[in-house]
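Here's the letter readout for the chains.
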Amino acid sequence: MTQQLEHGPSATKDTRNTAVTEPGSGPFSYRDLARIDEALTLSSKETGLRFTLYLGDLGRDTRATAEDLHSRSGGDPSNTVLLALSPGQRVLEIVTGTAAARRLPDRACALAVLTMTGRLGAGDLTGAIVNGLRQLSDSAGHPSRRRAH
């Protein structure tokens, strides 16, 4: 799912392998990083899916770049969900593996994007990520509860 963002912060930062050494040296404070880490961890635990985040430039073909990042994210790509956000390009991509897509159809991803764009428009990058992960997690549900219905 590709979404062009109408509003949002203009700074980009690749946080995949970046350590923040001082508060204010990147787009996130220590508290922001802790909130994002907790949201990623809880989403993965609650759903049994692996949630990953990429924040940075996605190049000319944003979808192809996001799909490549998803395939190289480690683990089992089939059960992985990548949230790829490029604030400078005002683009948000959600890539789901084949098993994850059965639990997170395009409609659920579109609702998460809608949730995130409101926060991004207000300049709340951390809130957008945390709320987007929460929305995706809620939509995917817990695997044992899904089988029971």
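Enquirer: Describe the environment of V130, listing the residues and the values that go with them.
Expert: Here V130 is to be found in helix 5 (residues 125–140). Residues V130 and S43, spaced 87 residues apart in sequence, show a C-alpha to C-alpha distance of 9.7 Å.

Enquirer: An account of the confidence of the model for the chain is requested, with residue identities and associated values reported.
Expert: For the chain, per-residue confidence averages 83 on the pLDDT scale, and residues scoring 70 or more make up 79% of the total. Within the model, pLDDT remains below 50 along residues 3–23, and this stretch shows 51 contacts once partners closer than five positions in the same chain are excluded.

Enquirer: Describe the environment of G88, listing the residues and the values that go with them.
Expert: By secondary structure assignment, the location of G88 is in the loop between strand 3 (80–86) and strand 4 (91–96). For the pair formed by G88 and L55, sequence separation is 33 residues and the distance between their alpha carbons is 10.0 Å.

Enquirer: Let's hear about helix 4 (residues 106–121): which residues, and what values?
Expert: End to end, helix 4 covers 22 Å across 16 residues, agreeing with the expected 22 Å (1.5 Å per residue, within 8%). Turning to helix 4, its buried residues number three or more, namely A108, C109, A112, V113, M116 and L120. Looking straight down helix 4, one finds its buried side chains confined to an arc of 140°; they lie on one side. Counted as exposed and oriented over 90 degrees from the buried face of helix 4: R107 and L114. Backbone geometry just downstream of helix 4 places G123 in the positive-phi region, at approximately 80°.

Enquirer: Just give me the short version of the packing of helix 1 (residues 30–47) against helix 5, but keep the residues and values in it.
Expert: Where helix 1 meets helix 5, the closest approach of the two axes is 9 Å, and the angle between their N-to-C directions is 5°. One finds that helix 1 runs roughly parallel with respect to helix 5. Between helix 1, through D32, R35, I36, A39, L40, S43, E46 and T47, and helix 5, the contact on the second element is made entirely by T126, G127, I129, V130, L133, R134, S137 and A140. For the contact of helix 1 with helix 5, a count of residues per class yields seven nonpolar, five polar and four charged.

Parameters at a glance
- Residues numbered from 1 in each chain as written.
- Predicted model: local features only at pLDDT ≥ 70, side-chain atom pairs only at ≥ 80, totals over all residues.
- Heavy atoms only, no water.
- Helix = DSSP H or I, 4+ residues; strand = E, 2+ residues; numbered from the N terminus.
- pLDDT = per-residue confidence, 0-100.
- Contact = heavy atoms within 4.5 Å.
- Expected span 1.5 Å × (residues − 1).
- Buried < 20%, exposed > 50% of the residue type's maximum accessible area, 1.4 Å probe, protein only.
- Arc of directions from axis to C-beta.
- Axes fitted to C-alpha atoms, helices over the stretch in contact; angles between N-to-C directions.
- Parallel < 35°, antiparallel > 145°, perpendicular 65-115°, else oblique.
- Nonpolar A, V, L, I, M, F, W, Y, C, P; charged D, E, K, R; others polar.

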